[in-house]
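Each chain, written out:
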Amino acid sequence: MPSSCRIFHVLLMLLICAATSSLAASDDAIQKALDPNRLSEGFRMDGLQTTPGEFAPRPGGQLNLPGDDLKSMLERTRETADETPREKAQQPRLLVKAEPGDGLVRLSWRLANFQASTADGPPRFIVEYGIEPGKPLKTQEVGNSDSHTIRELKNYQNYFVQVSAYTKTDRLKRIRSEELTVIPLPGDEQGSRLEKTYSRKSLTLLDKIDTEPLKRELRQFGYEFFKNSSPLLSTFDNLPAGGNYILGPGDSINITAWGAYSARHELTIDRNGEITIPKVGVVSLSGLPFDQARDAVNKAISRYYKNYEVNVTLGKIRSIQVFAVGEVETPGGYQVSSLSTVINALSAAGGPSRNGSLRSIRLMRDGKLVNEVDLYDMFLSGDRSKDVRLQNGDTIFVPVIGPVVAVAGEVKRPAIYEITGKMSLADVIRMAGGITASGYTARVQIERFAGNSSRVILDYPLKERVIDSATANIEIMDRDMVKIFPVQEAVRQIVGLRGNVIRPGEYQYRKGMRVKDLISDFSDLLPESYLESAEVTRLALPDYHREVLTFNLRKALNGSEADNIPLQEQDSIRIFSRWEMQEKPMVAINGYVVNPGTYDFYPGMTVRDLVAAAGSPRRNAILDFAELTRVTIEGDKARSTRLQIDLAKALGGDPQHNVQLQADDVLIVRGIAEWVEATDKFVTIRGEVKFAGVYSITRGEKISSVIARAGGFTDKAYLKGAKFTRRSVRENQQKRMDDSLNRT
């Protein structure tokens, strides 16, 4: 007979036994017949095992079958049982790393335990993400790349991201990664590169280190300056003007005089470059520096008045029109303050576009070149000496960007820089802020386009880890990428201490170190340390394969040189807890106590201690006697013995009954007979009785007794139509079983 048929027969027999039990049987008996443990035992045939809880009675005794049919569930169960842990570990896995950014998430991944066939070619990947788990809103094909950036996301929003891989011949059979939760954050909340570096855990060679690729996602240097500069242009009207400010039509002059001549005027220079002072006359100010304009006003007033004081200040500043053309974000003509400079006018135009130069911005006046501004002078050193003040009609021309070089990796300011003239490797590294302390200076690499035909790699070692004259003279070409690689992530010259110790972690390795240099005495250990055996994990040369050495920690701390073994760099000592190495002794208490179960055993533990650990005896517990079961070993056999004790006397401290326990003892506390039936069994009577309601019953009580307690029938009672119902599952169980067999 096939195993599946035997399974169905066993299940059917159990259901029939439960359904055909007499009406006098208690509901507990029916529930016991339908116990999921018993059902699962019926399925332990021919290597089959049900999933815990797969078949479980619902409240009321009904069998809770899953939504799919029984046949498919059994097939799934057989597949799960046949799959060993080793096979699961060898299955292909997709490992994904997610790094949140400002409105974006950067993903990188790798396939483990996967070998693509020649016909399939490299696997292809799909990125899915949404704002609810298991419900992707967007799906993106990313080809055979091993990384992807999801953009246009909302900051502070939870995103659930999953990556799947498929082959060319089988698109439906995907390898899926775990679903990751990522929250994009603004740049100022993500932490700087330095902050992220210090927040990472220090690794050793014993740790699994995944080498991260050099980050090539670089931004062009300097263009962010103009991002927030435009809103500041309106503040130039309120800036003070120096004494060398040249006045012109549109500027206003505030004149305040007191004494023999008392006046207060706000006068604007007209198109002729003049102002008219009441009772004084016309004064020409256009083209004069502000300092000379003060003297001119004072001189004009002095021709008519004596014994007075005058104060001349500059009022509103005139506007001038300038033009921004070339590679700017918003080319055109702009009205700016006459105090504005080249950089101010560029800010009004949104700054140079990323295709525009920052190093050769030209100021044209009357068709002639007046000045050439290199913004790197300001960005790198704060020098604004060439940022001259504009005049009406000036033109600012931004040419196309010149040669560029990218500096990536372990420099203080990785970015894409524009270069002018001949620049060496040393000049470029200095422009990027220099090499960080984590940069590997024994190898600097340049990636270069050679002759518009190919891309080549050039490696240059730095002698004594500094830029010497040989490498300093290496000329940088247009579109070069200079790469400074990081040092090995694993920390060197350390030994590790792990496990049941007070101060675990990494320690400096010194030549000649031994175990006692890290664990000097027993006070360095946590309680319950296992002293008979500890281990040292070591990377053995020349291939750095792992070796494990064991030693007796007790002997090492007591002075044994053989166990106080010498250490090597990258060694890791592990001290075990006692209960990691030994089976923990337990005792159990069952029956009528508040919290029956298994408890830790400790020497000197008594019956009263065990009862106290379980809370206390329940109020329906029998205290006259309890049963203590003990296992004793006699040779190669175990024998069980039982001891009757007076629980009340044991709880009172009587040493004859409050006996000391041994490991694996089981104490059973009995309960008063029929207590449950007397307190927890109820029936409900409704209809034509005098006192309808809920009544308690005892074992063996009949319906007539309950009706009599309810005051008997009323005159309107129709006895032939009386109905007796019980929580029964026979019909529902039979129907479900018939449906399952029919589908099979």
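Residues numbered from 1 in each chain as written. Predicted model: local features only at pLDDT ≥ 70, side-chain atom pairs only at ≥ 80, totals over all residues. Heavy atoms only, no water.

### A word on the sheet that holds strand E12 (residues 263-268)
- On the basis of which strands lie adjacent, the open sheet formed by three strands has the order E12-E11-E15 and antiparallel pairing. Edge positions in the sheet fall to E12 and strand E15 (308-314), since each has one partner strand and no second. Averaged over all pairs of adjacent strands, the angle between their axes in this sheet comes to 15 degrees, without regard to strand direction.
- Across the sheet, helix H8 (residues 290-302) touches strand E11 (252-259) and E15, and the angle it forms with E15 is around 145 degrees. (Pairing = 2+ DSSP bridges. Helix = DSSP H or I, 4+ residues; strand = E, 2+ residues; numbered from the N terminus. Axes fitted to C-alpha atoms, helices over the stretch in contact; angles between N-to-C directions. Contact = heavy atoms within 4.5 Å.)

### Focus: the side chain of Asp387
- Tracing the backbone through its elements, the reader meets Asp387 in the loop between helix H10 (375-381) and strand E20 (395-398).
- Engagement of the side chain of Asp387 in a polar contact is seen with the side chain of Thr341, the distance being 2.8 Å.
- Only 2.4 Å separates the side chain of Asp387 from the side chain of Arg384, close enough to count as a polar contact.
- Each residue touching Asp387, except ones within four places of it in the same chain, is listed here: Thr341, Val342 and Ile343. (Polar contact = N/O pair within 3.5 Å; in protein donor to acceptor, adjacent residues only side chain to side chain.)

### Brief notes about the pattern of salt bridges
- The tally for this structure, following the rule as stated, stands at 32 salt bridges.
- A single network of salt bridges, built from pairs that share partners, joins Arg216, Glu447, Arg455 and Lys483. (Salt bridge = Lys/Arg side-chain N within 4 Å of Asp/Glu carboxyl O.)

### Focus: the environment of Ser560
- You can see Ser560 is positioned in the loop between helix H13 (553-557) and strand E30 (572-575).
- At 3.1 Å, the side chain of Ser560 forms a polar contact with the side chain of Asp563.

### Quick notes on the packing of aromatic side chains
- In total, this model carries seven aromatic pairs according to the counting rule given.
- With a centroid separation of 5.3 Å and 90 degrees between ring planes, the pair formed by Phe221 and Tyr376 is classed as edge-to-face. Placement of the pair is Phe221 in the loop between helix H7 (193-199) and E11 and Tyr376 in helix H10, with a sequence separation of 155 residues.
- On the accessibility criterion, Tyr376 (3% relative accessible area) is buried.
- Between the aromatic rings of Phe225 and Phe226, the centroid separation amounts to 5.0 Å while the plane-to-plane angle is 90 degrees, which identifies the pairing as edge-to-face.
- An aromatic cluster is defined as three or more aromatic residues linked by ring pairs; in this entry it consists of Phe221, Phe225, Phe226, Tyr376, Phe379 and Tyr417.
- The ring of Phe485 carries the charged tip of Arg443 above its face, separated from the ring centre by 4.2 Å. (Phe/Tyr/Trp six-rings, centres within 6.5 Å; stacked < 30°, edge-to-face > 60°. Buried < 20%, exposed > 50% of the residue type's maximum accessible area, 1.4 Å probe, protein only. Lys NZ or Arg CZ within 6 Å of the ring centre and 35° of its normal.)

### Digging into the pairing of strand E31 (residues 586-591)
- Here four bridges tie E31 to strand E32 (residues 597-600), and the two strands are oriented antiparallel to one another. Bridge pairing links Ile589 to Gly597 in E32.
- Hairpin connection of E31 to E32: five residues between the antiparallel strands.
- Pairing of E31 with strand E35 (residues 666-671), which is carried by four bridges, proceeds in the parallel orientation. Bridge assignment links Gly591 to a residue of E35, and that residue is Val669.

### Quick look at the nonpolar core
- Tyr417 and Val482 are the most contacted members of the largest nonpolar core, which totals 43 residues.
- In this structure Tyr417 touches Phe221, Tyr376, Pro403, Val404, Val405, Val407, Met431 and Ala432, once residues within four positions along its chain are discounted.
- Listed in part, the 24 residues of the second largest apolar core include Tyr245, Ile275, Phe290 and Ala300. (Core = buried A, V, L, I, M, F, W, Y, C linked by side-chain atoms within 4.5 Å.)

### Here's the deal with the sheet that holds E35
- Taking strand neighbours across the sheet as the criterion, the five strands line up as E32-E31-E35-E33-E34 in an open arrangement whose pairing is mixed. Of all strands in the sheet, those bounded by a partner on one side alone are E32 and strand E34 (637-645). Strand-to-strand twist across the sheet, computed as the mean angle between neighbouring axes with direction ignored, equals 20 degrees.
- Where strand E33 (residues 621-634) lies against E34, nine bridges are found, and the strand directions are antiparallel.

### Concerning H8
- Its 13 residues give H8 an end-to-end C-alpha distance of 19 Å, which sits within 8% of 18 Å, the value for a rise of 1.5 Å per residue.
- Those residues of H8 not exposed but buried are Phe290, Ala293, Val297, Ala300 and Ile301. Projected onto a plane normal to the axis of H8, the buried residues spread over an arc of 95 degrees and lie on a single side. In H8, the exposed positions that point more than 90 degrees away from the buried face belong to Asp295 and Lys299.
- Its buried side turned inward, H8 meets E11, strand E13 (274-277), strand E14 (281-284) and E15. (Expected span 1.5 Å × (residues − 1). Arc of directions from axis to C-beta.)

### A look at unusual backbone geometry
- In this structure, the amide linkage connecting Leu541 to the following residue, Pro542, adopts the cis form with an omega of 5 degrees.
- Mapped onto the elements, Pro542 comes out in the loop between strand E28 (534-540) and strand E29 (545-551).
- The phi dihedral of Tyr156 falls on the positive side, at around 70 degrees, and the residue is not glycine.
- Structurally, Tyr156 can be placed in the loop between strand E7 (147-150) and strand E8 (159-166).
- Since its relative accessible area comes to 51%, Tyr156 is described here as exposed.
- In this structure, Gln493 is a non-glycine residue whose phi angle is positive, near 55 degrees.
- Note that Gln493 resides in the loop between strand E25 (480-486) and strand E26 (494-499).

### Section: the confidence of the model for the chain
- Of the residues in the chain, 80% have a pLDDT of 70 or more, and the chain-wide mean is 81.
- Mean pLDDT per element in the chain: helix H3 (residues 36-42) is the minimum at 37, and E20 is the maximum at 96.
- Note that residues 1-82 has pLDDT below 50 and, in this model, 95 contacts with residues that lie over four places away or in other chains. (pLDDT = per-residue confidence, 0-100.)

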